[in-house]
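Observations on the three-dimensional arrangement
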Amino acid sequence: MKKRSRFWRYFSLTMLVTGLIMLFPGLVHAQDSDESIAQLAQSIDTVWVLIAGFLVFFMQCGFGFLEAGFVRSKNVVNIMAENFLDTTMTTMGFWAAGFGIMFGGGNALFGTEWFFLHGIPTEYAGLPFYAFFFFQFAFSAAASTIASGLMAERTDFRADLIYSFVVGLVIYPVVGHWIWSNDGWLADRGFLDFAGSTVVHLVGALVGLAGTLTLGKRLDKEFGKTTIRGHNIPLAAIGTFVLWLAWFGFNPGSTLGAGDPYSIALIVLNTDFAATTGAIVAIFLSYYHTRMWDVSMAFNGSLAGLVAITAPCAFVTPEAALLIGVIAGVLVYYGVGLMETLKIDDPVGAFPVHGINGIFGTLSVGLFATEGGLFYGGGFDMLGTQALGVVAATLYVFPVSLLMFAAIKRFFILRVPAEVERMGIDGFYHGTMSYPEFTSSYSLPSLEINPIDPSLSDLQAKSSPAGD
Amino acid sequence: MKKRSRFWRYFSLTMLVTGLIMLFPGLVHAQDSDESIAQLAQSIDTVWVLIAGFLVFFMQCGFGFLEAGFVRSKNVVNIMAENFLDTTMTTMGFWAAGFGIMFGGGNALFGTEWFFLHGIPTEYAGLPFYAFFFFQFAFSAAASTIASGLMAERTDFRADLIYSFVVGLVIYPVVGHWIWSNDGWLADRGFLDFAGSTVVHLVGALVGLAGTLTLGKRLDKEFGKTTIRGHNIPLAAIGTFVLWLAWFGFNPGSTLGAGDPYSIALIVLNTDFAATTGAIVAIFLSYYHTRMWDVSMAFNGSLAGLVAITAPCAFVTPEAALLIGVIAGVLVYYGVGLMETLKIDDPVGAFPVHGINGIFGTLSVGLFATEGGLFYGGGFDMLGTQALGVVAATLYVFPVSLLMFAAIKRFFILRVPAEVERMGIDGFYHGTMSYPEFTSSYSLPSLEINPIDPSLSDLQAKSSPAGD
Amino acid sequence: MKKRSRFWRYFSLTMLVTGLIMLFPGLVHAQDSDESIAQLAQSIDTVWVLIAGFLVFFMQCGFGFLEAGFVRSKNVVNIMAENFLDTTMTTMGFWAAGFGIMFGGGNALFGTEWFFLHGIPTEYAGLPFYAFFFFQFAFSAAASTIASGLMAERTDFRADLIYSFVVGLVIYPVVGHWIWSNDGWLADRGFLDFAGSTVVHLVGALVGLAGTLTLGKRLDKEFGKTTIRGHNIPLAAIGTFVLWLAWFGFNPGSTLGAGDPYSIALIVLNTDFAATTGAIVAIFLSYYHTRMWDVSMAFNGSLAGLVAITAPCAFVTPEAALLIGVIAGVLVYYGVGLMETLKIDDPVGAFPVHGINGIFGTLSVGLFATEGGLFYGGGFDMLGTQALGVVAATLYVFPVSLLMFAAIKRFFILRVPAEVERMGIDGFYHGTMSYPEFTSSYSLPSLEINPIDPSLSDLQAKSSPAGD
């Protein structure tokens, strides 16, 4: 019995030790698994946000073609150059200070760190910092590009470079800080703007509105009499298709991760639904009023729906998204008429799309949000907060933009000379026509555009009031 | 000894309890890990299917530009408007009932639930339901857009809106139910159409064939005598490039998940290979017959290869894909001639691309599938089933479409008046020319297109037989 | 006591066995988890690389439109056809032998297996083999497309088909084997070219340089006197936007996996930064020298930045990327002038973009790499290795390309006849004008382009020196 007892003693001891040894790598392994899973999650989050960011970047292409299609051939090179360089100038401004002002720590009004990417952490919101930064500066470029639509066909190219830089540097980021940073005062009050109806679209539209008011109307524009037709409908169509596609990055990418696929799928569907009904309603309204199926109204209607759903896309049902699109289509149709009545020259209809529907989209969160929205029994609290955000953004962006344009006008140059505007900016400022082999109805046969010919440079220098 | 024995007793007990306690969190942890892994898998599946869906959505852009490039400048606004609004109308029809008919439970012929997204579950095929829905309605839009190519340059815009809605509502979904739903009768018989050679392409082509036969040929078309040239080759090129890109969503996205990366990679490669040889064979045939390198044949050849590989892409080897592309290129080249011989006016070559190669692609599964294909020793069973599916889809879609177009013609309007067709649909129905500043050889200088001028509205109203 | 002792014996034994049994599934489960995690990792890697590959494929579209916009309307169909068919011919060459030469095992100079995808493994670099193959052949197509820019407006279409095939078959893959295969001699020496400043861009530019030197200048080109303007700036703009977007696949996709999201994010940011400063610097230089904001310089400047950052994108800081873009912008601006001085006719500026900046980008690794770069205290070793790679690639590609073009010229045909060049390649070789309804300043009204009219075929056959 003694022997047996001893046997059991050693046996149980051996087994226990063995068990513990076996358990130990199991636990270590579980820890390893956890790390692997966390790394995988970060990989998928990063891939998703970056791909969404590529689509947001491609918005520049969309806006470029929409605006190019809607202006006259004599200013197409100019508007393409503006859209192309806008991106780069805004990027520089956003890198220098904008990003820090927007997302850096500081106070409730603006951030005070991370200028020139100085002193940044390795991660933000669980993403590699550079991935977050890339996604955000793709957004910042959209804001100043919206403004270029309202200011088309008469703005000096140098002025465009300057205001794009300033928008990325300080105008867009301050509103962004209020709404999207960790310590923004509007974020604190529960203001919700999921992907930027206010932050991006209303801000861009307000900058542009200040710009067009400072500039005044185009010389050829006669309110209520003639529509100045865009020169190339297929270009405008490419632009719209590309923008719609890009919005599939803009809205669902703002989740900043792929951890909640249900939310992403809802956002994608809502985005598509609002664009769909926006387009249908706007073109049917044009047919109702003019017996013409105005395809540019369909384009602007879909964009209006997209702008409006941008704030509420993660908070509302697909049915609400359809309705938001319907309202956006109505707003954009009559909004275009309103601009005409108010005698504000908006060559591509950017304010009704981004301004009016930026406001409506922001307010629609307070109406349709399934948690807290007025129509879901949430009362007026949320709607009030949303309205406060709209008012606050407007009271900051509009005056500051007026000031900026006044300064550009006073100390530099804002508008091209009348001669240049009449004959087209392309030949005078960019040295080439958009379609040099083809004669448009605006081309003046007596003007030989040849940058190698010194006479043109003389003409250009002569007609440039800055005398450069 | 007794003490020692007691010691071992307590020691072993303590260790066992400790071991069990240590094991317990390990097991709980393992369960947690499982859930994390399942969630991650759903994230990556959703991201993949949604990105593929974005590409499928972008097909609308591709079709729009291909068709715009291949028609004359006087009808470009119209074809862009049709492609743009097609999407939206089909979406509405698919949302209202099409999706429910296609994927809802019901019987072997059609589904009877989920209308207006009513009563849907949270998941389908392991995906968030809305992600699945989005991917599917991007598909539905493709079908009606294909039809617009066959019916180009003479269809009334209102008729286009109506038939697009009906296609999304009931024509496309029924065939889809047979083939892709859980209880479809063709699916039950083992009919295989991986991404829709029949479901999308043949259906769209049959709707369009019924349309062009009901409409009759364009006034200017003289079979065998003149080719009516597309007005803008670069637009057609953009369209083709975009479609080729979009097919990388269309085919591999139909896996509905990223769980089998080997299958996805095979599908991507097969898709590319078939497009490649389709393009090469079609343009070499054009050179062989005409001594001209007809680039529009290269475009249609690549699309023919893409349509043909759509059904078999997941079931065949890359070598078979190359061969399928070769055959598709031959079929599309002679198919275009066949349409001319049969005196069927197909302005963009849509039937040879989507109809003939939709059929060939579906049958090619029965020939080349590595499991069950004729050339792999599978006998004629599979080929027979594939042929049955083609015949069944044709016997449903073609008569129903004829009926639909007859009804539209009888009770509303199908074709624009001759005067509108001759002078171009753009000015009369859409209020703008595609390139208002440029004079094309079809422009009539005596017609001043100005929607503000009431005289035009008179003209348009006068010439519209519906008298609206 | 004895009973109790026995009880403890059995108890401890039972518990141990239970514990072990409980441990076993835990371990099995851990193994299952490992497999699941590994499978998920492969799914995300594959999805990432394939999506990046789709973007790289889309480069063909970008190059096509950039080149189409920069040539004259009489040669647009030709350049679109070349870009479209280039892809397909290079794919065939790469499939036949190029891929095997590049990545197959063999020796330090070239691989000798995997021709026609024969004998391939199921995986490569952890990816499904077909996913790796697809990504790589999307790259191979870019190389030959770059050459078509340098040879635009005078190369016979058949010659283009032949050289594209040869580039994909043997020219591009050999350099690729040296640098990117497991046993390449430059890879062994530590030569670093992350995404192909040398492998893709310098190789393509050298092939094109050999081509343009063999061809001679366009008949209309007078160096230093007139710039032959591109016919369509919006097309060039689309091309540039698409290329910039596509580079977000080209560079970060070259990680071949999503396992290191920090690296991917850095690469994306660096890519964008270099393009940004490249565009700004190049257009400001054009303004400084000509008082014109030359938008085509902005396009080429951004592309120059993208080419330059391609080699170092994973090895340098964002600040270095900004500086690399600045230098690239300077190089491309003066590089265009240098080509003019050297009397080398490069219609789209492809050599300054891809050749000069391909070299600079490769060398910049040796200057700016945070590990081993000259400016980071690494001395001249790395810079020397990078220079060696540039010299080696040049000494192989340039003579072989000269030989190839000499052979094509001697035994077949390289350049179109003078009559065809003057009147435009489109009508003679492709049977259609790019915009058949519109009259450009190059159109000869006396030439009726109608491929059905036999007289044209006569003309074409007569004027073709190959007499086919």
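Scope of this entry: the structure provided in the associated data block. (Residues numbered from 1 in each chain as written. Chains lettered and ligands numbered in written order. Predicted model: local features only at pLDDT ≥ 70, side-chain atom pairs only at ≥ 80, totals over all residues. Heavy atoms only, no water.)

Some words on the overall build of chain A
Per the secondary structure count, chain A includes 15 helices and two strands. Here chain A, with 468 residues, has 66% of them falling under the buried criterion. Counting contacts in chain A only where the partners sit at least 6 residues apart, residues at least 24 apart contribute 76% of the total. For chain A, the exposed area adds up to about 14500 Å²; of that, 65% sits on carbon and sulfur atoms. (Helix = DSSP H or I, 4+ residues; strand = E, 2+ residues; numbered from the N terminus. Buried < 20%, exposed > 50% of the residue type's maximum accessible area, 1.4 Å probe, protein only. Contact = heavy atoms within 4.5 Å. Areas by Shrake-Rupley, 256 points an atom, 1.4 Å probe, with all protein chains shown as cover.)

Looking at the nonpolar core
Soluble, globular proteins show a tendency: their nonpolar side chains are buried together. With 466 residues, the main nonpolar core has Tyr 172 of chain A, Tyr 172 of chain B together with Tyr 172 of chain C as its most contacted residues. In this structure, Tyr 172 of chain C is in contact with Phe 94, Met 102, Gln 136, Phe 139, Ser 140, Ala 143, Val 167, Trp 180, Val 199, Val 200 and Val 203 of chain C, ignoring residues within four places of it in sequence. (Core = buried A, V, L, I, M, F, W, Y, C linked by side-chain atoms within 4.5 Å.)

Section: helix α8 (residues 261-290) of chain C
The terminal C-alpha atoms of α8 of chain C, which comprises 30 residues, lie 44 Å apart, in line with the 44 Å expected from a rise of 1.5 Å per residue. Once α8 of chain C ends, the next one or two residues include Arg 291 of chain C, with phi positive near 60 degrees. (Expected span 1.5 Å × (residues − 1).)

Observations regarding the packing of aromatic side chains
Taken as a whole and assessed by the stated rule, the structure comprises 124 aromatic pairs over all chains. Both rings, one in Phe 139 of chain A and one in Phe 250 of chain A, keep their centres 4.1 Å apart while their planes meet at 20 degrees; by these two values the pair is stacked. Taken together, the residues span a long stretch of sequence, with Phe 139 of chain A in helix α3 (residues 129-150) and Phe 250 of chain A in helix α7 (residues 233-250) at a distance of 111 residues. Each of the two residues, Phe 139 of chain A as well as Phe 250 of chain A, counts as buried. Pairing Phe 139 of chain C with Trp 180 of chain C gives two aromatic rings, centres 5.9 Å apart and planes at 75 degrees, and the pair type is edge-to-face. Taken together, the residues span a long stretch of sequence, with Phe 139 of chain C in helix α3 (residues 129-150) and Trp 180 of chain C in helix α4 (residues 157-180) at a distance of 41 residues. For the pair formed by Phe 139 of chain C and Trp 180 of chain C, the shared burial category is buried. (Phe/Tyr/Trp six-rings, centres within 6.5 Å; stacked < 30°, edge-to-face > 60°.)

Here's the deal with a nonpolar patch on the surface
A cluster of nonpolar side chains, Leu 323, Val 326, Val 330 and Tyr 334 of chain B, forms an exposed patch at the surface whose accessible area comes to about 300 Å². By the element assignment, Val 326 of chain B lies in helix α10 (residues 318-341). (Patch = residues over 30% accessible without salt bridge, like charges linked within 9 Å, V, L, I, M, F, W, Y side chains within 5 Å. Salt bridge = Lys/Arg side-chain N within 4 Å of Asp/Glu carboxyl O.)

Observations regarding the pattern of salt bridges
Inspection of every chain in the model, using the stated rule, returns 24 salt bridges over all chains. One salt bridge connects Glu 153 of chain C with Arg 72 of chain C, and the closest N-O pair in it is separated by 3.0 Å. One end of the pair, Glu 153 of chain C, is in the loop between α3 and α4; the other, Arg 72 of chain C, is in the loop between α1 (2-70) and α2 (76-103), and 81 residues separate them in sequence. For the pair formed by Glu 153 of chain C and Arg 72 of chain C, the shared burial category is buried. Connected through shared salt-bridge partners, Arg 72, Lys 74, Glu 153, Arg 218, Asp 220 and Asp 345 of chain A make up one network.

Concerning the environment of Gln 136 of chain B
Residues and elements named next belong to chain B. Within the fold, Gln 136 resides in helix α3 (residues 129-150). Gln 136 gets classed as buried once you look at its relative accessible area, which sits at 5%. With 83 residues separating them along the chain, Gln 136 and Gly 53 place their C-alpha atoms 8.0 Å apart. Not counting residues within four places of it along the chain, the set of residues in contact with Gln 136 comprises Phe 94, Phe 99, Met 102, Phe 103, Tyr 172, Trp 180 and Leu 256.

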